[in-house]
Amino acid sequence: MKRHDQRHNDSHNRNAQHREHHEPEEGQRPVPKLVVVWIGILLVWGVGYYAWQIGKPMLGGDSRSVVEAPATGDDIDGGAIFSARCSACHQGNGQGVPGAFPPLVGSEWLLGDPSVPVAIVHDGLQGEIEVEGTTYNGVMPAFGGQLSSAEIAAVLSHVRQEWGNDAEAVEADRVDAHAEEYGERGAWSPDELRDTFEAP
Ligand code: HEC
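Because the structure is a prediction, the values reported are computed rather than measured.

Attention now goes to the overall build of the protein chain. Scanning the protein chain from N- to C-terminus turns up 8 helices and 4 strands. Order of helices (α) and strands (β) in the protein chain, N terminus to C terminus: α-α-α-α-α-β-β-β-β-α-α-α. Within the protein chain, residue pairs in contact and separated by at least 24 positions form 57% of the contacts whose partners lie at least 6 positions apart. Working note: accessible area of the protein chain is about 14,600 Å², and carbon and sulfur atoms make up 53% of it.

The structure is reproduced here in structure tokens:
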């Protein structure tokens, strides 16, 4: 009886051993080719990118271009002032927004006697005007406190000669003279402009 138990246990153990998995083995399978190729590509890309960046300014990935501030002095860029100060309302192409912001292209208010646009930009304009067949009744802000006479002259010269507009440039002296004569008078009405200058 005892012997029988012994044998039974032996065979039981052997079966249990049999059922177990093999010991894990290492280093039998090579690294897949695809992985090797991929590591190679990453290496080449990394080194290449590094080499490509040598000598370039370190911007930390910031590739925005620097916006030029309006220059002061003799070479004031009227176009830059227009983009910064006027284009939000009158639009980059000078066409304005019908019913809200009047166009500068072909406008009689802009292209006639330069005293009129000087007054409008220096002091502002408020009241009903008609430009290119459309009526506007908005508020044009004054720029006399924000832009120098030279800057107002530059931006007016720019818009009077842009987009096919063809009127003479505006001198800084004229803006200075206007500022001296009218001071900080506040916005003009269209009638006041007609009474004072040769406005449309
Ligand atoms: C906040 C919007 C706004 C900005 C900024 C602005 N304008 Fe105006 N502008 C107007 C409005 C509105 C009128 C019409 C006012 C009215 O209805 O009486 C006008 C009228 C004018 C006029 C006369 C009408 C015409 O179409 O010719 C001129 C000239 C003018 N603006 C030039 C300029 C210039 C130059 C600048 C930049 C220095 C400028 N504006 C910036 C809103 C603006």
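Still to come is the rest of the account.
What follows covers the site of the ligand. Near the ligand, the surroundings consist of 26 residues, among which Cys-86, Cys-89, His-90, Ser-107 and Met-140 are the closest. His-90 places a side-chain nitrogen or oxygen 2.8 Å from a nitrogen atom of the ligand. Taking Gly-138, its main chain carries an N or O atom lying 2.8 Å from an oxygen atom of the ligand. Taken together, the elements giving at least two residues each to the shell around the ligand come down to helix H3 (78–90), helix H4 (108–111), helix H5 (115–123), strand E1 (125–126), strand E2 (129–131) and strand E4 (139–140). For the shell around the ligand, the element with the highest residue contribution is H3, accounting for 4 residues. Here the shell around the ligand is composed, by residue class, of 19 nonpolar, 6 polar and 1 charged.

Helix packing geometry: the angle between the two helix axes and the distance between the axes. Between helix H6 (residues 149–160) and helix H7 (residues 172–182), whose axes approach to 8 Å, the crossing angle comes to 125°. One way to sum up the angle between H6 and H7 is to call them oblique. Handedness of the crossing formed by H6 with H7: right-handed. On the side of H6, the interface is formed by Ser-149, Ala-150, Ile-152 and Ala-153, while H7 contributes Ala-172, Val-175 and Asp-176. By residue class, the composition of the contact of H6 with H7 is 5 nonpolar, 1 polar and 1 charged.

Non-glycine residue Gln-91 carries a positive phi angle of around 75°. Exposure remark for Gln-91: the relative accessible area of 27% places this residue in the partly exposed category. In this structure, Glu-132 is a non-glycine residue whose phi angle is positive, near 50°. Note that Glu-132 resides in the loop between E2 and strand E3 (134–136). When its relative accessible area of 55% is taken as the criterion, Glu-132 is described as exposed.

So, how was this worked out
- Residues numbered from 1 in each chain as written.
- Predicted model: local features only at pLDDT ≥ 70, side-chain atom pairs only at ≥ 80, totals over all residues.
- Heavy atoms only, no water.
- Helix = DSSP H or I, 4+ residues; strand = E, 2+ residues; numbered from the N terminus.
- Contact = heavy atoms within 4.5 Å.
- Areas by Shrake-Rupley, 256 points an atom, 1.4 Å probe, with all protein chains shown as cover.
- Near = heavy atom within 4 Å.
- Polar contact = N/O pair within 3.5 Å; in protein donor to acceptor, adjacent residues only side chain to side chain.
- Nonpolar A, V, L, I, M, F, W, Y, C, P; charged D, E, K, R; others polar.
- Axes fitted to C-alpha atoms, helices over the stretch in contact; angles between N-to-C directions.
- Parallel < 35°, antiparallel > 145°, perpendicular 65-115°, else oblique.
- Left-handed = near helix turned anticlockwise from the far one by under 90°.
- Buried < 20%, exposed > 50% of the residue type's maximum accessible area, 1.4 Å probe, protein only.

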